[in-house]
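# Analysis of the macromolecular model
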Amino acid sequence: MAYDKFTVLKSSAVPMPIENVDTDQIIPARFLKATERTGFGDNLFRDWRYNTDGSQKRDFVLNNPIYSGKILVGGRNFGSGSSREHAAWAIYDYGFRCVVSSFFADIFKNNSLNIGILPVQVSAVFLDKIFTAIEANPAAELEVNLPEQKITILTTGESESFDINTYKKHNMTNGYDDIDYLQAMKSEIQLFAEKSMY
Amino acid sequence: MSQIPTTLFDKVWDSHVVRKIEDGPDVLFIDRHFIHEVTSPVAFLGLESRGLKVMFSGKTFATADHNTPTINQHLPVQDALSANQLKALETNSAKYGISHWGLGNPKNGIVHVVGPENGITLPGMTIVCGDSHTSTHGAFGAIAFGIGTSEVEMVLSSQCIMQPKPKKMRIKVNGKLGKGIVPKDVVLYIIAKLTAAGATGYFVEFAGDVFENMSMEGRMTVCNMSIEMGARGGMIAPDETTFAYIKGREKAPKEAAWDTALAYWKTLKTDEGAGFDLEYNFDAADIEPMITYGTNPGMGMGITRHIPAAAEAGGSKASYEKSLEYMGFHEEDGMIGKKVDYVFIGSCTNGRIEDFRAFASIVKGRKKAEHITAWIVPGSHIVEQQIKDEGILDILTEAGFQLRQPGCSACLAMNDDKIPAGKYAVSTSNRNFEGRQGPGARTMLASPLVAAAAAVTGVVTDPRALMAE
C-alpha cells in the first residue's frame, strides 16, 4: 500500500481563486534539490507566501488564519507547467488531501492521483459557488465523497458529481498504486518487450 | 485489403499498449527513458524501499543538466545540495547499470538536446522523462511526454506507465513564413491563439507545409513547447528531413537494421481521412516575430502590437491584472522600446546550433549593448563544439559576448544563473511564469532573433529592422 486510503473527506477549505496556478508557483525550482521526499510543505507557494527576508506576506491566503482545512480550491488550469511531482508532494506534505478546480493540467492530475491527493474537477459554476460559500463563511465545510463521486457544500447543501475512472477510484479507496499493479503483470511486459523493435 | 484511416498518434500509441484496462488507463510500453538529477532520486529510493530492480537498464539514459553550473564545470560543484543530486544520479546509474553522461562527459548536455543528437531518439518510439519538455522528441514522430517521479519509478521497475489515452488534435500551418519569422515565433503564435490551457487533454500533431519545410532543430522547438498550451505532447510525421538527421548518429540503426527501421518509419504518417477530435488551421502569413508580455506562455503577441486590454484577453480579470502587475506592464502598452536588462539564449527550446546561427546573424558586426547581461548557453557539448567550428564564437566574442557551458541554466534558474528581482529578461526559453528565472524576475519569451536584437540594442526591438534586405 503506497498511501492512505481516500473515501469520504469532510473539511473546511482554503480558497485560491487564481487561474493558471503553475507548478513553479506551487514549489519554485530552487527548492527541488532534495534527494528525499520530505519537507516540501514548508516551501509550498514559497514566493507567494513569504517575502525575501523570510517574513510572511500578510495578504496571502495560507497566511490568513481564518482559512484552514485539508481541501485546496484553485482557479481554472491548476497545476500547469513543469512535471515536477514535488508540487504534489508539497501540497500533500502541507496537509491537503484534495484539490478542487474547474480544470486541471494533465501531468499535475496524474501526479496527484499517484501519491494519494484527489483532484476533483467541478464545473465553473460550481467552483464559483464554492468560492462564494467560503467567502460567506470561511469555516464552511465541503464533503468530498469518493465512493459516490460527489462533492457537497455543507453550508448550502449544493452538490455536484465528479468524474474519476473506475481503476483510479479503486486505487484511491484502497490505497493501491500503479506500481503494485505493474509488478503483478511483469511476465506479460517481458513478452511484450521481446517483440519490441527498439 | 482496405484499412481504416489511422492517425500517426494512434499508430504509435496502439502499437505500445501492453494491456487495456476497462474504464481505466492503458498500460503503455516505453522504448526510451531519460533521467536527470532532479526528478529521479526519489524514484530510486522508491525502488529500494520496495525491493525492486530496474527491469531494462539499457532503455534508460541519464544526463545531468537541470542543476549544473554553466561556468567552471571542471571544478567541484559549489552548491552542496546540487552536488549531492549530481552524485546521486551518478551512484544510482552505476548501481543499476544505466548509461550516465555526467558533468564533464563530452556527451553531456540538456536531456532533450543530447537524446536526438546521439541518435537515441527515433521515430515511432514511446519516450518519457521526468520533465515536461520531453515533448521535444515528438519532432521525430515519437510519442514523447513528461512524467512525474512516481512514473519514473514505474518505468524503471516495469518499463511501462499507465496512461489514459489522450484525445487527438491537429494543428496545420500552411503558407510561407515571412522574413525574420522562425520556429519559435510559430509556436508562440499557436500558443497565444489556443491559450496556455487550450490543448490540455490532447496530443497534438503539427502538420502543413510550414512544418514540412522546417529543419529538425525547428521542429524540436515547436514540439518542445506543446506542453505550454497544456498538450501532453506534440508530434510531426517523420520524413526525409528526419531520416537525414538521424542517419549516421552514434546510436542510430546501421546497415540492415537501418533499412528495416526506415521501411517502418515511412509508414508513420496520418492516413488521408483519419479523424481528429479537434483541428486548427493557421496561415503562416499572419505570424509576426512574437514576444510574451505576461506570466504564462499564452500571453504572447506580435512584437509590433500593444498589450491587450483585460476585456479582450479573456479569462479572469483579476488573474490578468495580477500578471501585468508582476511584469510592471499596463494594458495597451507597446512592447517595442521596452528596456531589457538580461538576455538568455539556450535551453531545450532554443539551445541548438540553428539557434546560435540565428543569434549570430544579428549580432555580427554589432556590439552588445552596455547595460545588457547576456547568458549564451549551448544545449550540449556537441552544440558548443559546433559553435566554435562554425566561427560563431568569433562573432560572439567580437561583439562582446561570452559563451558559457551547457546546461538548463536560466531557463529554470536552479543553478546560479538567476535573473535578479525586478529585472527584465528577453529569454529564448519556454516559461515566463512568476519567478521562473529567479525570484521576482520578469521574463519575456521570444525567438533567438528577438533575443539578439535586444542584446545589441538594449531594448525590445523588431529584429526585421536589423536584418539585411
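Because the structure is a prediction, the values reported are computed rather than measured.

So, how was this worked out
- Residues numbered from 1 in each chain as written.
- Chains lettered and ligands numbered in written order.
- Predicted model: local features only at pLDDT ≥ 70, side-chain atom pairs only at ≥ 80, totals over all residues.
- Helix = DSSP H or I, 4+ residues; strand = E, 2+ residues; numbered from the N terminus.
- Rg over C-alpha atoms; globule rule 2.2 N^0.38 Å.
- Contact = placed C-beta atoms within 7 Å.
- Pairing = 2+ DSSP bridges.
- Axes fitted to C-alpha atoms, helices over the stretch in contact; angles between N-to-C directions.
- Nonpolar A, V, L, I, M, F, W, Y, C, P; charged D, E, K, R; others polar.
- Parallel < 35°, antiparallel > 145°, perpendicular 65-115°, else oblique.
- Left-handed = near helix turned anticlockwise from the far one by under 90°.
- Buried ≥ 20, exposed ≤ 12 C-beta atoms within 10 Å, placed from the backbone.
- Core = buried A, V, L, I, M, F, W, Y, C linked by C-beta atoms within 7 Å.

Let us look at the overall build of chain A. For chain A, the count of helices and strands is eight helices and seven strands. Over its C-alpha trace chain A gives a radius of gyration of 18 Å, about what one expects of a compact globule, namely 16 Å for 198 residues. In terms of overall dimensions, chain A has C-alpha extents of about 60 × 45 × 25 Å along its principal axes. Partitioning the contacts of chain A with sequence separation of at least 6, the portion at a separation of at least 24 is 67%.

All right, on to the sheet that holds strand 2 (residues 26-29) of chain B then. Residue and element names in this part refer to chain B. The three strands are arranged 1-2-8 in an open sheet whose pairing can be described as antiparallel. Because the sheet does not close on itself, it has two edges, and the strands there are strand 1 (17-20) and strand 8 (160-163). Adjacent strand axes in the sheet meet at a mean angle of 20 degrees when their direction is disregarded. Both strand 2 and strand 8 contribute to a ladder of four bridges, which runs antiparallel. Note that in strand 8 the partner of D26 across the bridge is Q163.

Below, the discussion takes up the interface of chain A and chain B. Accessible area lost during the coming together of the parts is what is often quoted as the interface size. Across the contact, 50 residues belong to chain A and 60 residues belong to chain B. Elements with a minimum of two residues in the side of chain A that touches chain B: helix 1 (23-26), helix 4 (106-115), helix 6 (166-174), helix 7 (178-183) and helix 8 (186-195) of chain A. Residue contributions to the side of chain A that touches chain B peak at six residues, all from helix 4 of chain A. Here the side of chain A that touches chain B is composed, by residue class, of 18 nonpolar, 17 polar and 15 charged.

Residue and element names in this part refer to chain B. Close contact between helix 6 (residues 183-194) and helix 8 (residues 216-224) brings their axes to 8 Å; oriented N to C, the two are set at 25 degrees. When the interaxial angle is binned, helix 6 and helix 8 end up roughly parallel. Crossing handedness for the pair helix 6 and helix 8: right-handed. Listed contacts from helix 8 to P183, K184, V186 and V187 of helix 6 are G218, T221 and V222. Per-class residue counts for the contact of helix 6 with helix 8 are four nonpolar, two polar and one charged.

Residues and elements named next belong to chain B. Of all the positions in helix 15 (residues 381-389), only H381, I382, V383, E384 and I387 are classed as buried. Against the buried residues of helix 15 lie helix 4 (111-117), helix 14 (353-363) and helix 16 (392-398). The positive-phi residue at the C-terminal boundary of helix 15 is G391, with phi of around 80 degrees.

This part takes up the nonpolar core. Counting 191 residues, the largest nonpolar core has A:I91, B:V343, B:V363, B:V426 and B:A451 as the members making the most contacts within it. No other element matches helix 17 (residues 448-457) of chain B, which puts eight residues into this core. Ignoring anything within four residues of it in the chain, the contact list for B:V343 reads B:I372, B:A374, B:A425, B:V426, B:A451, B:A454 and B:A455.

Turning our attention to unusual backbone geometry. Most of the time, phi is negative for any residue but glycine, and the peptide bond is trans. For A:F45, which is not glycine, the phi dihedral falls at a positive 50 degrees. You can see A:F45 is positioned in the loop between helix 1 and helix 2 (46-49). Not every positive phi belongs to a glycine, and B:Q159 is a case in point at roughly 60 degrees.

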